[in-house]
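# Summary of the model geometry
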Amino acid sequence: MIKVLKLQKAVIAIILGIISLVVYLLLREQKEDVAVYFLEASGLLFILGALMFLYPILFAKKDGDGAVQLNPEIDPNLPDPDAPANEPIRP
């Protein structure tokens, strides 16, 4: 299940990483010693954001055929409400 909240947290982490990188670039031009810490924080936030993007994909629920079920709240045994009327119902 791909949760919107987890993906929003990942996007926020990536945005904070970009902001930290910009702060590092600005402080590096002024030759501040604290700039290195912003670079480290930026890298950490990029890695954290990437892992948060991968988490819902890696741990998604799979059905018997090995297909990933993106919305586990929908029962795969029930007929598809969007399917045309002449399509057979899955057993």
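Residues numbered from 1 in each chain as written. Predicted model: local features only at pLDDT ≥ 70, side-chain atom pairs only at ≥ 80, totals over all residues. Heavy atoms only, no water.

Summing up its helical and strand segments, the chain has 2 helices and 2 strands in all. The order of helices and strands in the chain, counted from the N terminus, is α-α-β-β. Sorting the 91 residues of the chain into buried and exposed places 14% on the buried side. Long-range pairs, those at least 24 residues apart, make up 56% of the contacts in the chain with a sequence separation of at least 6. A total of about 7400 Å² of accessible surface is found on the chain, and carbon and sulfur atoms cover 67% of it. (Helix = DSSP H or I, 4+ residues; strand = E, 2+ residues; numbered from the N terminus. Buried < 20%, exposed > 50% of the residue type's maximum accessible area, 1.4 Å probe, protein only. Contact = heavy atoms within 4.5 Å. Areas by Shrake-Rupley, 256 points an atom, 1.4 Å probe, with all protein chains shown as cover.)

Turning next to unusual backbone geometry. Backbone geometry at K31 places phi at a positive 55°, although glycine is not the residue there. Note on placement: K31 falls in the loop between α1 (4-29) and α2 (35-58). For K31, a relative accessible area of 71% gives the class exposed.

Inspection of the secondary structure puts S20 in helix α1. You can call S20 buried: its relative accessible area is 11%. Residue contacts for S20: discarding those within four places in its chain leaves F38, S42 and L45.

Attention shifts here to a nonpolar patch on the surface. On the surface, I47, L51, L54, Y55, I57, L58 and F59 cluster together to form a nonpolar patch covering roughly 770 Å² of accessible area. With respect to the helices and strands, the residue L51 is situated in helix α2. Assessed through its relative accessible area of 52%, L51 is described here as exposed. (Patch = residues over 30% accessible without salt bridge, like charges linked within 9 Å, V, L, I, M, F, W, Y side chains within 5 Å. Salt bridge = Lys/Arg side-chain N within 4 Å of Asp/Glu carboxyl O.)

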